[in-house]
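Descriptive structure summary
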Amino acid sequence: MFAGKLDFDSCYRAVAARDARFDGRFYTAVTSTRIYCRPICPARTPASRNVRFYRHAASAEAAGFRPCKRCRPELSPGDPGWDHRGDLVGRALRLIEEGVADDAGITGLAGRLHITERHLHRLFTAELGAGPLAVARTKRLLLAKQLLTETGLPITDVAFASGFGSVRQFNATMKETYGFTPGELRATAGRAVTGSALTLRLHRREPYDAGTLMRFLRGRAIPGLERVDGPDGTPAGGGGSRGDGRENTVPDVEGGWSYTRAVPGGVITLTPLPGHVRLDARLDDTRHLARVVARCRRLLDLDADPEAISSALGATALGPLVEARPGLRVPGAWDGFELAVRAVVGQQISVAGARTLLGRITARAGRPAVPTAVPTATASPPADPAPEGEVARLFPAAGQLLEADLDGLGLTGRRVATLKALAGRVADGEIDLDGAQEPAETVARLLEVPGIGPWTAGYVALRALRDPDAWPEGDLVLRRAMACLGIPGDHTERWRPWRAYAALHLWNSQ
C-alpha cells in the first residue's frame, strides 16, 4: 500500500477511518500533543494541520514525539514491506529486531552486512529519517514498555531483556525520550512483580489461518526440540496427518492450537488467540528476549499482509484456493541453519521419515536447553530421539553439527557429506542463513554445496530467508496440484511477487 514516500492524503484518510489495514505501515504524530499513534488509535482524529506521518516509530521519536499510551505503538504488527525487503535496509532492520545491534553495536551490525557504518547510517537516514542507532534504541524502548505494561518482570530484568546495557542507562533513556521513568510506568500499569515467567501478546493482521500453519508445523515437529498440540490433544505429527505432512481439513482460525519449543535457557509456548498470538516464556536468562520475540514472529509469519497477497493471487487461477484460505501464511523458521538441515534431510523421503532422522540428529548433536550438570568426558550422547511430547534439547548449531559423529543415525553417506559441507560453510560465515546476506546471493551459495539443488535452495529461501517470491523448482506436489487444477506451468510468473504463498495454497490443495 505504501511502497515508497508516504502520501499525506492517503494516510490521513486511513487515520480518519481507523483502517486496521494500515496498522504498522506508518505512524501519526500530533504536533499539538507531541504524541505519536497507530492509525487505529481510538482518540479523536486530530486536525490535519497538526499531523505529521512517519514510516517508522524511530523516525517519530527522533523528531521528539512520544508513544501514545492508548493505542500503544509497541503492539503494532511489523511493516510487511520491511519484512520482505531483501535490500540492505530491510535486512538491517531484521537484524536489529534480532538484537544484533544490542549485542555487537552498530559497528557489528554494519560488519554483518559487509558495509561501513557511515554507509549504513546514510541509507537509514534516507529511507527512515533516523539512523540505525535511533532505530535500535526505539526497538529497546518499545519492548521495555510492553514488558513493563504486560508482565511482572522486575525492572532490572526488563532493562536487560529489552537490550539495555545497564539499569542506569535504561532509566535515563526512558526518562529522556518518554518523559517518565520505568518505575512510574509500572506504577500506572498496576503490575506487581511476579518473577521470571512472562507472557506477551504478539499482534498480527487478520485474517490469520492458524490451523493450517500449525498443522504444517505439527507434521514436521522434531522430537525433543518442539511439540505442537492440536484441538484433539494429539502432539507432534500424530492425529490425521498424511504421509506428506499435509492434511485435507477445513482451515480454522485458533482452535486450541499451541506450539512449544526448547530455546537456550528454557522453553517457550505460542498459542494463537483472537487478534494475537500469546507468547509464554520460561527463561533462565531474559537478555535475548528480543531475539525470541523476533523469531516467534518470523516462525508464524505474523507481519504478512494477507490483503495484498489475496488481492494479487485471488485474481489468478488460484482464486478459489485463496477464497478458501484467505489468511494462509508461509511457515517460517526459528533458525536458518536448522531449516537448511531439515531441507537436506527431507530430500526424497517422507515427512515422517525426516522427522525421525532429525530427532536422532538433535539427540546426538544437540545440547540440553537447560544444562543440569557438567557432562563427563566419557559420557556418550544419546542415540535415540526423545520420547514423544518431551521438549528439552536444542538443535545443533553449525559448528556442533560439523564436529558431530553422524554415523549410525540412518543417514546415507552422501547425505552426511552434504550436511557437513553445509555446516562448514555456515560456520565459516560463507553462507549466512539468518538474514544478513542478500537472498539471491545466499541461494547461489547454497547451490554450490554438493547435494543441494534448486528445490532445496528454493525451500530454504521460502521458509528461512523470508523471500515471498521463492519457488521450490521441481516440486512434484506443486506440479501435480497445478495439473489437477488445469494451471499451465508458465502461470507461475503471474504469481510474482507472492509465489511462496502460491506454493502454500497449492500444497494445501492436495
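Our structure's up above, just so we're on the same page.
Rules of the game
- Residues numbered from 1 in each chain as written.
- Predicted model: local features only at pLDDT ≥ 70, side-chain atom pairs only at ≥ 80, totals over all residues.
- Heavy atoms only, no water.
- Helix = DSSP H or I, 4+ residues; strand = E, 2+ residues; numbered from the N terminus.
- Buried < 20%, exposed > 50% of the residue type's maximum accessible area, 1.4 Å probe, protein only.
- Polar contact = N/O pair within 3.5 Å; in protein donor to acceptor, adjacent residues only side chain to side chain.
- Salt bridge = Lys/Arg side-chain N within 4 Å of Asp/Glu carboxyl O.
- Expected span 1.5 Å × (residues − 1).
- Contact = heavy atoms within 4.5 Å.
- Phe/Tyr/Trp six-rings, centres within 6.5 Å; stacked < 30°, edge-to-face > 60°.
- Lys NZ or Arg CZ within 6 Å of the ring centre and 35° of its normal.
- Axes fitted to C-alpha atoms, helices over the stretch in contact; angles between N-to-C directions.
- Parallel < 35°, antiparallel > 145°, perpendicular 65-115°, else oblique.
- Nonpolar A, V, L, I, M, F, W, Y, C, P; charged D, E, K, R; others polar.
- Pairing = 2+ DSSP bridges.

**Describing the side chain of Gln 437**
Secondary-structure assignment places Gln 437 in the loop between helix H18 (413–427) and helix H19 (439–447). Accessibility expressed as a relative area gives 9% for Gln 437, which makes it buried. There is a polar contact of 3.0 Å between the side chain of Gln 437 and the backbone oxygen of Glu 430.

**Section: unusual backbone geometry**
Among all residues save glycine, negative phi is the norm, and among peptide bonds the norm is trans. Of the consecutive residues Glu 206 and Pro 207, the connecting peptide bond is found in the cis state with omega at -5 degrees. Within the secondary structure, Pro 207 is located in the loop between strand S5 (198–203) and helix H11 (210–219). In the Ramachandran plot, His 114 falls in the positive-phi region, its phi being about 60 degrees despite a non-glycine side chain. With respect to the element layout, His 114 can be found in the loop between helix H5 (100–113) and helix H6 (117–128). Backbone geometry at Arg 466 places phi at a positive 60 degrees, although glycine is not the residue there. Here Arg 466 shows up in the loop between helix H20 (454–463) and helix H21 (476–484).

**Let's talk about the pattern of salt bridges**
Side-chain pairs of opposite charge can arise where the charged atoms are in close proximity. Under the defined criterion, the tally for this structure stands at 32 salt bridges. For the salt bridge of Arg 55 with Asp 79, the shortest nitrogen-to-oxygen distance reads 3.4 Å. Here Arg 55, found in the loop between strand S3 (51–54) and helix H2 (57–62), pairs with Asp 79, found in the loop between strand S4 (66–67) and helix H3 (80–84); they are 24 residues apart in sequence, far enough to count as distant. For the residue pair Arg 55 and Asp 79, the accessibility class agrees, reading buried in each case. In this structure, Arg 496 and Asp 469 form a salt bridge, with 2.4 Å as the shortest nitrogen-oxygen distance. Of this pair, Arg 496 sits in the loop between H21 and helix H22 (499–507) while Asp 469 sits in the loop between H20 and H21, placing them 27 residues apart in sequence. Judged by its relative accessible area of 40%, Arg 496 falls in the partly exposed class. Linked through salt bridges whose partners overlap, the residues forming this network are Arg 72, Glu 74, Lys 145, Glu 150 and Arg 201.

**Section: helix H16 (residues 351–365)**
In this model, H16 (15 residues) spans 21 Å end to end at C-alpha, consistent with the 21 Å of a helix rising 1.5 Å per residue. Those residues of H16 not exposed but buried are Val 351, Ala 354, Arg 355, Leu 357, Leu 358, Gly 359, Ile 361, Thr 362, Ala 363, Arg 364 and Ala 365. Against the buried residues of H16 lie H11, helix H15 (336–345), helix H17 (398–403) and H18.

**Describing the packing of aromatic side chains**
Considering all chains together, one arrives at twelve aromatic pairs under this definition. Geometry around Phe 65 places Arg 34 over its ring, the cationic atom sitting 4.0 Å from the centre.

**Quick look at the packing of helix H4 (residues 88–97) against H6**
In a packed pair of helices, the relevant descriptors are the angle between the two axes and the axis-to-axis distance. Interaxial distance between H4 and H6 falls to 10 Å at its minimum, and their mutual angle equals 100 degrees. When the axes of H4 and H6 are compared, the pair comes out roughly perpendicular. In contact with Leu 88, Val 89, Ala 92, Leu 93 and Ile 96 of H4, H6 contributes His 119, Leu 120, Leu 123, Phe 124, Glu 127 and Leu 128. Of the residues contributing to the contact of H4 with H6, the split by class is nine nonpolar, one polar and one charged.

**Examining the sheet that holds strand S2 (residues 35–37)**
The four strands lie next to each other as S3-S1-S2-S4, forming an open sheet whose pairing is mixed. Both edges of this open sheet fall to S3 and S4, since each of them pairs with a single strand only. As paired strands, S2 and S4 are joined by two bridges and run parallel to one another. Considered in S4, the bridge of Tyr 36 is made with Pro 67.

**What about the pairing of strand S8 (residues 266–273)?**
By the criterion of burial, S8 is predominantly enclosed, with six of the eight residues buried. Bridge analysis of strand S7 (residues 258–263) against S8 gives five bridges, and the strand direction is antiparallel. Bridge pairing links Thr 260 to Thr 269 in S8. Between S7 and S8, which pair antiparallel and follow one another directly, the connecting turn spans two residues, one of which, Gly 265, has a positive phi of 90 degrees. Two strands pair when backbone bridges link them, and S8 and strand S9 (residues 276–283) are joined in this way by eight bridges, in the antiparallel orientation. Opposite Gly 266, over in S9, you have Leu 283 as the bridge partner. Counting the residues in the hairpin turn of S8 and S9 gives two residues, including Gly 275, whose phi is positive at 90 degrees.

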